[in-house]
Amino acid sequence: MRSLDEVLTQGIRDIPDYPQPGVLFKDITPLLADHTGFTQVVEAMAAFGKDDDGEVVVDKVVGIEARGFILAAPVALALGAGFVPVRKQGKLPAATYAESYALEYGEATIEVHQDAFAPGDRVLVIDDVLATGGTVEACLRLIRRCGADVAGTAVLIELSFLPGRKRLADERVDALVTV
Ligand SMILES: O=P(O)(O)OC[C@H]1O[C@H](OP(=O)(O)OP(=O)(O)O)[C@H](O)[C@@H]1O
Ligand SMILES: Nc1ncnc2[nH]cnc12
């Protein structure tokens, strides 16, 4: 079996100047097309929802639209936890909370259903990339407005040349790879 590092090195490619000049885009589509690699990644991310004895310590897994969905749904199933989508503005049908934030390449608003969590639910947030940290920060605000507890955030890739880690200094954030 390949190591997780090999899987990540083989499965993540750099696309310069996408979606705009100056951005080095981390493309995870080769990894997603690699069944054994994708399986290893899901297992590694699910481990952040367990304690040292392997007991599941989260009730819900949040995925952030769109790439976060791809990782979070299988992580939720692997943990036996519920899946909650955090979506871009205007996509969720029932009453929502909304938070706006700045991205490496633009601005966005994300939303969550107000009734997505039971009070005190322990929540693991999953996304593909931590860049400026604006998306995760807004997502954590949404979860807390719902009355749920953030257990942690796990991302596939952390971009160390951007200030995401610093911005989230008070939060538990784990990354499978830092570049
Ligand atoms: O740390 P940040 O600077 O906030 O950036 C990270 C976010 O940017 C990307 O999402 P994007 O909004 O491009 O959406 P997509 O998943 O729909 O492609 C990525 O999937 C993260 O959610
Ligand atoms: N450089 C990057 N590559 C992929 N996704 C991103 N989201 C924000 N910045 C990104």
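Criteria and cut-off values
- Here the residue index of a chain counts from 1 through its sequence in written order.
- Following the order in which they are written, the chains are lettered starting with A and the ligands numbered starting with 1.
- In view of the model being predicted, local features appear only for residues whose pLDDT reaches at least 70, and side-chain atom pairs are presented and counted only at 80 or more, with totals across whole chains, interfaces and linings using the full set of residues.
- Each side-chain value is derived from all of the structure's non-hydrogen atoms; neither hydrogens nor water enter the calculation.
- UniProt positions are given in the numbering used here, feature names are shortened, and annotations may be inferred rather than shown by experiment.
- If even one non-hydrogen atom of a residue comes within 4 Å of a molecule or strand, that residue is called near it.
- Note that accessible areas follow from Shrake-Rupley with a 1.4 Å probe, and for residues the cover is restricted to the protein chains shown.
- Helix and strand assignments follow DSSP, with helices taken as H or I runs no shorter than four residues and strands as E runs no shorter than two, numbered in order from the N terminus.
- The residue classification treats Ala, Val, Leu, Ile, Met, Phe, Trp, Tyr, Cys and Pro as nonpolar and Asp, Glu, Lys and Arg as charged. All others, Gly included, are polar.
- Orientation is described by lines fitted to C-alpha atoms, with helices fitted over the stretch in contact, and by angles between N-to-C directions that extend from 0 to 180 degrees.
- The scheme is simple: roughly parallel for angles under 35 degrees, roughly antiparallel for over 145, roughly perpendicular for 65 to 115, oblique for anything else.
- Definitions for this section: a left-handed crossing has its near helix turned counterclockwise from the far helix by less than a right angle. A right-handed crossing has that turn clockwise.
- Contacts are residue-level and defined by heavy atoms, with any inter-residue pair within 4.5 Å sufficient.

- In the nomenclature of an unreviewed UniProt entry, the protein chain corresponds to Adenine phosphoribosyltransferase from the organism Kribbella italica.
- If you open the UniProt record of the protein chain and go to Subcellular location (unreviewed entry), you find "Cytoplasm".
- According to the UniProt record, the Sequence similarities (unreviewed entry) comment for the protein chain reads "Belongs to the purine/pyrimidine phosphoribosyltransferase family."

## So, the site of ligand 2
Stage number 1. Near ligand 2 you find Val 23, Leu 24, Phe 25, Lys 26, Arg 67, Glu 104, Tyr 105, Val 129, Ala 131 and Leu 159, and these make up its full shell.
Stage number 2. Notes on ligand 2: free accessible area 260 Å², of which the protein chains cover 95%.
Stage number 3. In terms of residue count, strand β2 (residues 24-27) provides more of the shell around ligand 2 than any other element does, 3 residues in total.
Stage number 4. Counted by class, the shell around ligand 2 contains 7 nonpolar, no polar and 3 charged residues.

## Some points on the packing of helix α3 (residues 35-46) against helix α4 (residues 67-79)
Stage number 1. At their nearest, the axes of α3 and α4 sit 9 Å apart, and the two run at 65 degrees to each other. Of the possible angle classes, the one that applies to α3 and α4 is roughly perpendicular. The chirality of how α3 crosses α4 is right-handed. For the pair α3 and α4, the contacting residues are Phe 38, Val 41, Val 42, Met 45 and Ala 46 in the first and Ile 70, Leu 71, Pro 74, Val 75, Ala 78 and Leu 79 in the second.
Stage number 2. Here the residues of the contact of α3 with α4 are counted per class, giving 11 nonpolar, no polar and no charged.

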